[in-house]
Amino acid sequence: MNEKVKLLTDNIEKVIVGKTDSVLKIITAMLCGGHVLIEDVPGVGKTQLVSALARSVDGKYNRIQLTPDVMPSDIVGFSMIDQKTHELEYKEGVAMCNFLLADEINRASPKSQSSLLEVMEEHQISIDGKTHELPSPFMVLATQNPVETYGTYHLPEAQMDRFLMKISMGYPSYDDELDIMSRAERSGFAKNIQPVMTLENVCELMGYAENVTAELSVRKYILSLVTATRNSDYVKLGVSPRGSIALLKASKAYAFVQGRGFVMPDDVKAVMPDVLAHRLMLSPKGKSAFENEREALENIALTVKSPDAIEK
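Not measured: the values here are computed from a predicted model. (Residues numbered from 1 in each chain as written. Predicted model: local features only at pLDDT ≥ 70, side-chain atom pairs only at ≥ 80, totals over all residues. Heavy atoms only, no water.)

Engineer: Mind laying out the overall build of the protein, listing which residues take part and the relevant values?
Structural biologist: Within the protein, the secondary structure is distributed over 14 helices and eleven strands. For 312 residues, the compact-globule estimate of 2.2 N^0.38 gives 20 Å, and the protein sits close to it at 20 Å. Overall size of the protein, expressed as C-alpha extent along the three principal axes, is 65 × 45 × 40 Å. Among the 312 residues that make up the protein, the fraction classed as buried is 51%. A separation threshold of at least 6 residues defines the contact pool for the protein, and within that pool the share at least 24 residues apart is 77%. Counting only carbon and sulfur atoms, one obtains 51% of the accessible surface of the protein, whose full area is about 15300 Å². Computed over 34 positive and 42 negative side-chain charges, the separation of the two mean positions in the protein equals 2 Å. (Helix = DSSP H or I, 4+ residues; strand = E, 2+ residues; numbered from the N terminus. Rg over C-alpha atoms; globule rule 2.2 N^0.38 Å. Buried < 20%, exposed > 50% of the residue type's maximum accessible area, 1.4 Å probe, protein only. Contact = heavy atoms within 4.5 Å. Areas by Shrake-Rupley, 256 points an atom, 1.4 Å probe, with all protein chains shown as cover. Lys, Arg positive; Asp, Glu negative; His and termini not counted. Charge placed at Lys NZ, Arg CZ, Asp CG, Glu CD.)

Engineer: Give me the lowdown on helix H14 (residues 293–301), citing residues and values where you can.
Structural biologist: Along H14, the positions that sit buried rather than exposed are Ala-296, Leu-297, Ile-300 and Ala-301. For H14, the angular spread of the buried residues around the axis is 135°, confining them to a single face. Buried residues belonging to H14 abut helix H10 (216–231), strand E10 (235–237), helix H12 (265–276) and strand E11 (281–282). Between the side-chain oxygen at the start of H14 and the backbone nitrogen of Arg-294 there is a gap of 3.2 Å, and the oxygen is on Asn-292. (Arc of directions from axis to C-beta. Polar contact = N/O pair within 3.5 Å; in protein donor to acceptor, adjacent residues only side chain to side chain.)

Engineer: Can you lay out the packing of helix H2 (residues 20–31) against helix H11 (residues 241–257) for me, pointing to particular residues and giving the numbers?
Structural biologist: Where H2 contacts H11, the two axes come as close as 8 Å, and the packing angle between them is 120°. By the angle between their directions, the pair H2 and H11 is classed as oblique. Relative to H11, H2 is oriented so that their crossing is right-handed. The segment H2 lies against H11, with Leu-24, Lys-25, Ile-27, Thr-28 and Leu-31 engaging Ala-250, Ala-253, Tyr-254, Phe-256 and Val-257. (Axes fitted to C-alpha atoms, helices over the stretch in contact; angles between N-to-C directions. Parallel < 35°, antiparallel > 145°, perpendicular 65-115°, else oblique. Left-handed = near helix turned anticlockwise from the far one by under 90°.)

Engineer: Outline the side chain of Ser-112, listing residues and values.
Structural biologist: Here Ser-112 shows up in helix H5 (residues 110–114). In this structure Ser-112 comes out as buried when scored by relative accessible area, which is 1%. Separated by 2.5 Å, the side chain of Ser-112 and the backbone oxygen of Val-70 make a polar contact. Discounting residues that sit within four places of it in the chain, Ser-112 has contacts with Val-70, Met-71, Pro-72 and Ile-75.

Engineer: Describe the sheet that holds strand E2 (residues 61–65), listing the residues and the values that go with them.
Structural biologist: Spatially, E2-E5-E8-E1-E9 is the arrangement adopted by the five strands of the open sheet, whose pairing is parallel. Of all strands in the sheet, those with a lone pairing partner are E2 and strand E9 (165–167), marking the two edges. Neighbour-to-neighbour, the strand axes of the sheet open up by a mean angle of 15°, direction not taken into account. In this structure, strand E1 (residues 36–39) lies alongside E9, joined through three bridges in parallel fashion. Bridge pairing in E9 places Leu-37 opposite Lys-166. Of the strands in this sheet, E1, strand E5 (99–103), strand E8 (139–144) and E9 are in contact with H2, which crosses E9 at around 165°. (Pairing = 2+ DSSP bridges.)

Engineer: Now, about the pairing of E2: what can you tell me, with residues and values included?
Structural biologist: Along E2, the buried face is formed by Asn-62 and Ile-64; none of Tyr-61, Arg-63 and Gln-65, which line the opposite face, is buried. As paired strands, E2 and E5 are joined by five bridges and run parallel to one another. By the bridge assignment for E5, Tyr-61 is matched with Phe-99.

Below, the structure written as structure tokens:
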């Protein structure tokens, strides 16, 4: 594992116990400028994970609890007339930060959900003919619960496609939860986490991750996986070109996290379910054959031949 990434991972794991894979996936998404949707039951540490990441890199962290009455202006900001100059002045919304936690995003109205589209894709906010650039790095980490769907608004496919990854943390093991209970007795332990790198360090790591090499055979493997989803009888809506680009970026960042300067097929396999599964829409045949999109994707991936191991 890359030394700086290990330092960051160890710091986050002072708060998040036994979820190394989830932590690495979040860091991977951050290093390729992607956004993450965390779907899981309440109380497994989704919010704590995001907070620990932001505190570890000394970034500006904003959190908004989304409800049906949240307005787009609460997220992206608004313009108002300055009483002294009589000119329009931009008032920042919560999106003007490095790490935005959109808690329970599926409880926001479609109008508020759509206000995040430009923010997530272009990393900018356009209001009253003026464009406001977001700071770098910028990352949206949204959460939603797979239960208690009464009064929620399902995220449309266009919104889901903006998320680089969709992950699930799951329940901790018996021993890990015992450790969590002990830590929880120390009031405020999660807030005492100290930064281990600056935002400049993160931008530097992002540059290194972008320069990771992906051979033509690996790129063809990625495209074959994506194409297989479009041609499967189990899938109604396959992965778009944005998905293939996302898988390439995530694979390069994951290879860097693992301490390598080149992508191996195993890197692609490691991030593929998190990057592609939420971009699928199963056909009636797929819904009857598989429990969810992730299971269907893993079955489809078995039909695609992996390139020989790359040695360098």
